Amino acid sequence: MPTTSVQTGLLSLSNEELSDLVQKFGEPRFRARQLADAVFRQRRESLAEVSNLPASLKSRLAEGGIGVGFPKIEAKFQSVDGTVRYLMAFADGQSVETVWMPEGDFGEAGDGSEAGTEEEDGFWLSASGFRQIPSAVRDTDSSTRQSIKNEESVSNPERRPKAESRKPLPVRRSRATICVSSQVGCAVNCQFCLTALLGVKRNLSAGEIVGQILVVLRDHSVDLGRERVNIVFMGMGEPFLNYDNFMKAVRLLVEEVGFAESRMTVSTSGIVPRIFDFGREPVRPKLAISLNAPNDEIRDRIMPITRKWNLDALLDAARQFPLRPRERLTFEYVLLAGINDAPEHTRELARRVHDIRCKVNLIAFNPGPGVPYSMPEHQRVLEFQTIVTESGIPAFIRRPRGRDIYAACGQLKRTVA
Ligand code: SAH
Ligand code: SF4
């Protein structure tokens, strides 16, 4: 008898594993494809709803303790800016948070998922944040020029070739970004992050990671064939400390759910050996690294993990990371007033990353109870951005999403009011 637990569920299984499972029940392999379609594509919460599977298989799966494994929406909070924060509960009663950010897939939109997308479609150029980059920088960036062309061809149909104006281009609308959790809590203990206050309770299974996304897609009736959705692994937890399950979730999302790897970004606090592993993955999201400081002295204070892998080691891994053609690595930098936001910090940061094909995402600190930092003045954030961009590195200011409902970066701690 297969021993898959309900907690793990069908959502954790690759097609090969599903094939093994149905064969153990004496069913032909094609049943695996039917099962996969039912859970990953049709997002069926229970096999009872699936009509094309034999009743005997469904009952034997149930008797074997095998369920689909979707998390339950325990609570849902809607922000004035359209962001929705979900509290998702798993079979063992543990819960995490998942965030839906409508139209949130540009650099200024708060999710970081723009990393690298400029090569593909040019949508992001309409983001006002980008226009703040000095023209000297813009003019040297060929992918940017390409994006301008793309944007024109999308927004101005008169400029399209005749054949296309007769048959409109199938422009996929930008819909939203989903920010997903990888662990219950987090062990990394960054001093500015509310998730850190929870400690780490456990890793999520691949199915629990995929399940968060499917539940949100279902809640918004998303048709992935027609709408564009990005995924950022930037919720609760450190994805690279749950590396195998995280990578399995990525493969399931690509192979079974139908997401493009280029529509996903993972953020790590800097687990150096896993950055090397990640670089060797044949299918992988884009990489963002939470740098947050220009030197070890400051980083040590705010991110104790620096004692294990210092900035030299981290930047060395970043330097060796095998970027795809025209892909850029993203460095995230949370600005904490009076700690890491001075002009000399900006210049030091630019000096240290100047030889890496990267962009910098600036995040003004999102405050929360029990976290002893404050937000910098907006002017300070703009100055920081200007210095970085003038050094030739694209820099974006991440717009906080859903601060009013504790959904913004670093605010995920299962707040229930
Ligand atoms: N654990 C991973 C991914 C989740 S955190 C990581 O740390 O990279 C996602 C981003 O939120 C990180 O860049 C982190 O530095 C940032 N962050 C954490 N707490 C924050 C806060 N209070 N305000 C603003 N950003 C914060
Ligand atoms: Fe964990 Fe990321 Fe928060 Fe650090 S910033 S405690 S790594 S979730």
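Residue positions are given per chain, counted from 1 along the sequence in the order it is written. The order in which chains are written sets their letters, starting at A; the order in which ligands are written sets their numbers, starting at 1. Where totals are concerned, whole chains, interfaces and linings use all residues; where local detail is concerned, this predicted model gives features only for residues with pLDDT of at least 70, and gives and counts side-chain atom pairs only at 80 or more. The basis for every side-chain value is the complete set of heavy atoms in the structure, and neither hydrogens nor water enter the calculation.

1. Quick word on the overall build of the chain
Stage number 1. A tally of regular secondary structure across the chain gives 14 helices and 12 strands.
Stage number 2. Whether a residue is buried, partly exposed or exposed follows from its accessible area with a 1.4 Å probe, protein chains only, as a fraction of its type maximum: under 20%, in between, or over 50%, in that order. Expressed as a percentage of its 417 residues, the buried residues of the chain come to 58%.
Stage number 3. Any two residues whose heavy atoms approach within 4.5 Å are treated as being in contact. Sequence-distant contacts, at least 24 apart, represent 71% of the contacts inside the chain between residues at least 6 apart.
Stage number 4. Total accessible area computed for the chain in this model is approximately 17100 Å², and 50% of it derives from carbon and sulfur atoms. Secondary structure counts use DSSP, requiring at least four H or I residues in a row for a helix and at least two E residues in a row for a strand, with both numbered from the N terminus. The protein chains shown are the only cover counted for residues, whose accessible areas, like all others here, come from Shrake-Rupley with a 1.4 Å probe.

2. Let's talk about the site of ligand 1
Stage number 1. For this purpose, a residue is taken to be near a molecule or strand whenever a single non-hydrogen atom of the residue falls within 4 Å of it. As a structural note, the neighbourhood of ligand 1 is formed by 19 residues, with F192, G237, S267, S290 and N366 the closest of them.
Stage number 2. Two N or O atoms count as a polar contact when they lie within 3.5 Å, although within protein this holds only if one can serve as hydrogen donor and the other as acceptor, and sequence-adjacent residues are included solely when both atoms are side-chain atoms. In this structure, an oxygen atom belonging to ligand 1 sits 2.6 Å away from a side-chain N or O atom of S290.
Stage number 3. Contact distances for ligand 1 include 3.2 Å between an oxygen atom and a side-chain N or O atom of E332.
Stage number 4. Considered on its own, ligand 1 offers 530 Å² of accessible surface; in the complex 96% of this is hidden by protein.
Stage number 5. Points on a 1 Å grid, built from protein atoms alone, make a cavity when a 1.4 Å probe fits but cannot get out and make a pocket when they are open with protein on both sides within 12 Å along at least 5 of 7 lines; residues with an atom within 4 Å of a point are the lining residues. Cavities and pockets are treated as containing a molecule whenever more than half of the molecule's atoms lie within 2 Å of their grid points. Put simply, ligand 1 lies in the largest cavity.
Stage number 6. Of all the secondary structure elements, the ones that give two or more residues to the shell around ligand 1 are β8 (264–268), β10 (329–335) and β11 (358–364).
Stage number 7. For the shell around ligand 1, the residue count by class is eight nonpolar, nine polar and two charged. Gly counts as polar in this scheme, as do all residues outside two lists: the nonpolar Ala, Val, Leu, Ile, Met, Phe, Trp, Tyr, Cys and Pro, and the charged Asp, Glu, Lys and Arg.

3. So, empty space enclosed by the protein
Gaps between atoms show up when a probe of the same size as a water molecule is rolled over them.
Stage number 1. Grid points are joined across faces, edges and corners, and a volume is the space filled by probe spheres set on the points. As enumerated under the stated definition, the model contains three cavities of 30 Å³ or more in all.
Stage number 2. Counted as a void, the largest cavity has a volume near 670 Å³.
Stage number 3. Secondary-structure elements contributing two or more residues to the lining of the largest cavity are β3 (95–102), β7 (227–233), β8, β10 and β11.
Stage number 4. Tallied by class, residues from the lining of the largest cavity come to 24 nonpolar, 12 polar and six charged.

4. Considerations on helix α1 (residues 15–24)
Stage number 1. Every buried residue of α1 is accounted for by L18, S19, L21 and V22. For α1, the buried positions fall inside an angular range of 165° around the axis, keeping them on one side. Exposed residues on α1 whose side chains face more than 90 degrees from its buried face are E16 and K24.
Stage number 2. The positive-phi residue at the C-terminal boundary of α1 is G26, with phi of around 75°. Our arc is simply the arc of the directions from the helix axis toward the C-beta atoms.

5. Details of the site of ligand 2
Stage number 1. All residues in the neighbourhood of ligand 2 are listed as C186, V188, N189, C190, C193, A196, G237 and S269.
Stage number 2. Using a 2 Å cut-off from the grid points, one finds that ligand 2 occupies the largest cavity.
Stage number 3. Partitioning the shell around ligand 2 into residue classes produces five nonpolar, three polar and no charged.

6. What to know about the side chain of N292
Stage number 1. Examined against the element boundaries, N292 turns out to sit in the loop between β9 (286–290) and α11 (296–302).
Stage number 2. Among the polar contacts listed, one links the side chain of N292 to the backbone nitrogen of V334, at a separation of 2.8 Å.
Stage number 3. Ignoring anything within four residues of it in the chain, the contact list for N292 reads F192, I302, M303, E332, Y333, V334 and N340.

7. Some words on the state of the cysteines
Stage number 1. Here, a disulfide means two cysteine sulfur atoms that sit within 2.5 Å of each other. As enumerated under the stated definition, the model contains zero disulfides in all.
Stage number 2. Cysteine C179 is unpaired, with the sulfur of C409 as its nearest cysteine sulfur at 7.0 Å.

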